[in-house]
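Here are the chains, one letter per residue:
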Amino acid sequence: DAKTTQPTSMDCAEGRAANLPCNHSTISGNEYVYWYRQIHSQGPQYIIHGLKNNETNEMASLIITEDRKSSTLILPHATLRDTAVYYCIVRQNDYKLSFGAGTTVTVRA
Amino acid sequence: DSGVTQTPKHLITATGQRVTLRCSPRSGDLSVYWYQQSLDQGLQFLIQYYNGEERAKGNILERFSAQQFPDLHSELNLSSLELGDSALYFCASSVTGASAGELFFGEGSRLTVL
């Protein structure tokens, strides 16, 4: 699987959009970009995934650059409950997710 | 609630002992994954089963073993426990084992080895 690079931590203000970057410069054509988050030792929670096109669901938006070497997860209106570790994962059409260190996001009131 | 059930939630045992962690996947999910999360290692993939068969193996120690039963629940057996085995053990499930889609994680079993 291609490796990803994420900032170690970031802060954002409650009610504002949170933009979480991820670099995956070695991504190959059949690899998907996944985002998960983990709230304080709970089980990881799926957020969104995409291959080439931008994606949006009720939780977030995923913007993937045209060359697919980087992506941004957007939480449109961050709340205190969005404080978590966010993992960007590149996954082939195989069987496992490989989690890195992720980005610790702290939403401040 | 992800629909994945793990038991027990907490377990305290001594070095050298053996424990079994149990996972019930979401209804209809055929694939089960086990992950270990310790403070210094992050989330590590251990093993995956699909419809009763082992599908992929990660950083699973020889002292650890797993299986998936005909009713699709899975058990992770940890033997000759060491202090370093103290960790959160997560089970996840998915509908299939080999296509794009999300994994649903349970709340984990916290193992403490004293």
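Each chain carries its own residue numbering, running from 1 in the written order of its sequence. Labels follow written order: the first chain is A, the first ligand is 1, and so on. Restriction of local features to residues with pLDDT of at least 70 applies here, the model being predicted, together with a cutoff of 80 or more for giving and counting side-chain atom pairs; totals for whole chains, interfaces and linings are based on all residues. Note: side-chain values were computed over all heavy atoms of the structure, leaving out hydrogens and water.

**Student:** Break down the overall build of chain A for me, with residues and values.
**Tutor:** The helix and strand inventory of chain A stands at zero helices and nine strands. Every helix listed is a DSSP run of H or I at least four residues long, and every strand listed is a run of E at least two residues long, numbered separately from the N terminus. Of the regular secondary structure in chain A, the N- to C-terminal order runs β-β-β-β-β-β-β-β-β. Radius of gyration: over C-alpha atoms. The globule rule applied is 2.2 Å multiplied by the number of residues raised to the 0.38 power. Against the 2.2 N^0.38 benchmark of 13 Å for 109 residues, chain A shows a C-alpha radius of gyration of 13 Å, consistent with a compact globule. Counting only C-alpha atoms and orienting by the principal axes, one finds that chain A spans roughly 40 × 30 × 25 Å. We call a residue buried when its accessible area falls under 20% of the maximum for its residue type, exposed when it is over 50%, and partly exposed in between, using a 1.4 Å probe and counting protein chains only. With 109 residues in all, chain A has 43% of them scored as buried. Any two residues whose heavy atoms approach within 4.5 Å at even a single point are treated as in contact. Relative to all contacts within chain A whose residues are 6 or more apart in sequence, the contacts with residues 24 or more apart total 55%. Per-residue and other accessible areas were derived by the Shrake-Rupley procedure at a 1.4 Å probe size, with only the shown protein chains allowed to occlude residues. As displayed, chain A has an accessible area near 5500 Å², and 47% of this comes from carbon and sulfur atoms. Across chain A, the centroid of the 10 positively charged side chains sits 3 Å from that of the 10 negatively charged ones. Asp and Glu are treated as the negative residues and Lys and Arg as the positive ones, with His and the ends of the chain left uncounted. Charged side chains are reduced to one point each, which is NZ for Lys, CZ for Arg, CG for Asp and CD for Glu.

**Student:** Describe the sheet that holds strand β3 (residues 32–38) of chain A, naming the residues involved and giving the relevant values.
**Tutor:** Backbone-to-backbone hydrogen bonds pair the strands of a sheet. The strands run either parallel or antiparallel. Residues and elements named next belong to chain A. Two strands qualify as a pair provided that DSSP identifies no fewer than 2 bridges between them. Reading across from one edge, β1-β9-β8-β3-β4 is the order of the five strands in this open sheet, with mixed pairing throughout. Whereas interior strands pair on both sides, the edge strands pair on one side only; in this sheet they are β1 (9–13) and β4 (45–50). Put simply, the sheet's adjacent strands are angled 25 degrees from each other on average, direction ignored. Pairing analysis gives five bridges linking β1 to strand β9 (residues 103–108), with the strands arranged parallel. Bridge pairing in β9 places A13 opposite R108. Axis lines are fitted to C-alpha atoms, over the contacting stretch for helices. Their N-to-C directions set the angle, which ranges from 0 to 180 degrees.

**Student:** Let's hear about the sheet that holds strand β3 (residues 19–24) of chain B: which residues, and what values?
**Tutor:** All names here are of chain B. With respect to topology, four strands assemble into an open sheet ordered β1-β3-β8-β7, the strand pairing being antiparallel. With partners counted over all chains shown, the strands left at the sheet margins are β1 (5–7) and β7 (64–68), one partner each. The mean angle between the axes of side-by-side strands here comes to 15 degrees, regardless of whether they run parallel or antiparallel. Alignment of β3 against strand β8 (residues 74–78), held across five bridges, turns out to be antiparallel. Along β8, the bridge assignment pairs L21 with L76.

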